[in-house]
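# A look at the structure
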Amino acid sequence: MPTDPSVTIAQLQAELAALKRENAKLELLNARAEEKLFAALDGNGLCLWEQHIPSGNLTIFNMKWGELLGFSREELAAHVDSWKQNLHPEDKAWVIKAFEDHVAGHSDYYQAVHRMIHKDGSVTWVSDRGRIVERDANGQPLRMMGTHIDITQEKRYELELSQLAMSDPLTNLMNRQAISQAFETHQASKHNGALFFIDLDGFKQLNDRYGHKVGDLLLIHVANTLKHCAGTDADIARLGGDEFVILHPSRDQAQIEAIAQSLLSTYQDSIAIDGNRLKIGLSIGIYCFDAAHNFTTCCERADIAMYQVKRSGKHGYCFWRPQQLSQCS
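Below: a short report on this structure. (Residues numbered from 1 in each chain as written. Predicted model: local features only at pLDDT ≥ 70, side-chain atom pairs only at ≥ 80, totals over all residues. Heavy atoms only, no water.)

### So, the overall build of the protein chain
Applicable threshold: Each helix is a run of DSSP H or I of at least 4 residues and each strand a run of E of at least 2, with the numbering of both proceeding from the N terminus. We call a residue buried when its accessible area falls under 20% of the maximum for its residue type, exposed when it is over 50%, and partly exposed in between, using a 1.4 Å probe and counting protein chains only. It only takes one pair of heavy atoms within 4.5 Å for two residues to be counted as in contact. Here the Shrake-Rupley method, with its probe set to 1.4 Å, supplies the accessible areas, and only the displayed protein chains count as covering residues.
A tally of helices and strands in the protein chain yields 9 helices and 13 strands. Counting over 329 residues, the protein chain shows a buried share of 40%. Summarising the internal contacts of the protein chain: among those between residues at least 6 apart in sequence, 57% fall at separations of at least 24. Counting every atom, the protein chain has about 18800 Å² of accessible surface; 52% of that belongs to carbon and sulfur.

Listed below in structure tokens is the structure:
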């Protein structure tokens, strides 16, 4: 029995309309899924990227390309070469190698925490992760997808915490842990050097008389003097209270004596601190070490030399010698 053409057309039109409604429903669900995904990504500071491996073209799905580094799309092409060009020079080689190792199949995924150069010249820290999601019939990679997050604030906070852990909060000099590590690093290079152990003469009395504010300002003054006299090659620490250490990479006696004399000369006369004239002295013990010595031994011997200065009248310096034979001035 022949089919009525009008019925067939009506059925096809109905099916088409149903397909359109289903398509519209799927598009709406897809749009809502994208909204949820992008909201989740944005909430975590993540951006979702895709690279077409053969062409090198990049697509960022939930933000404008280049936005993280302060560029417009016109200023920075959405291409893997642009990404490579803005990698920090110190990180560029190993980051590209990590990326290419994954593309070549040498690793299961690409992951790197590294630095990039912002348009204004500042450093942006990022955490990247991605993997190949599509290959051609021959197994060659076609598409790679991943996430990229700006972790600059976290890195700054991490560096600040690290600095706090390794520095004296009052003077910004190294603390005991930091100077100990600096000593170990110095010794790893098998070099000789000199360690100054410095104790302030009369600090407690001044601190009690004028108060902690003046005492703190005096400690800061001494710290700045140590940096000025010891030079940029030296590492300087405040061990606590009014005790300081200078780690100098030379054990040349004339040079070491010149530093000690410069320190003593600075405090030969009274100095002005917060409207007060203060007289402070420095008792300096010096130990010249070689590659075999450790930090604790050096501190102990420089401390012994320093106490010999205390016993000899203060405000002077003394070299530690074996059998407690010391040269003092």
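### Notes on unusual backbone geometry
Of note in the backbone geometry, Lys314 takes a positive phi value of approximately 70 degrees without being a glycine. You can see Lys314 is positioned in the loop between helix 9 (295-311) and strand 12 (316-319). A relative accessible area of 45% means that Lys314 is categorised as partly exposed. Look at His315: it is not a glycine, yet its phi comes out positive at around 45 degrees. With respect to the helices and strands, the residue His315 is situated in the loop between helix 9 and strand 12.

### Some thoughts on the pattern of salt bridges
Just so we agree on the cut-off: Throughout this description, the term salt bridge denotes a Lys or Arg side-chain nitrogen within 4 Å of a carboxyl oxygen of Asp or Glu.
Overall, the coordinates contain 12 salt bridges when judged by the stated rule. Here Arg238 ties to Asp168 by a salt bridge, and the two come within 3.2 Å at their closest N and O atoms. Residue Arg238 is found in strand 7 (residues 235-240), and its partner Asp168 is found in the loop between helix 4 (152-166) and helix 5 (176-188); the two are separated by 70 residues along the sequence. Across this residue pair, the class does not change: Arg238 and Asp168 are buried. With its nearest N and O atoms 2.6 Å apart, the salt bridge here joins Asp199 to Lys310. Taken as a pair, Asp199 in strand 6 (residues 193-201) and Lys310 in helix 9 lie far apart in primary sequence, 111 residues in all. In terms of burial, Asp199 and Lys310 fall into one category: buried.

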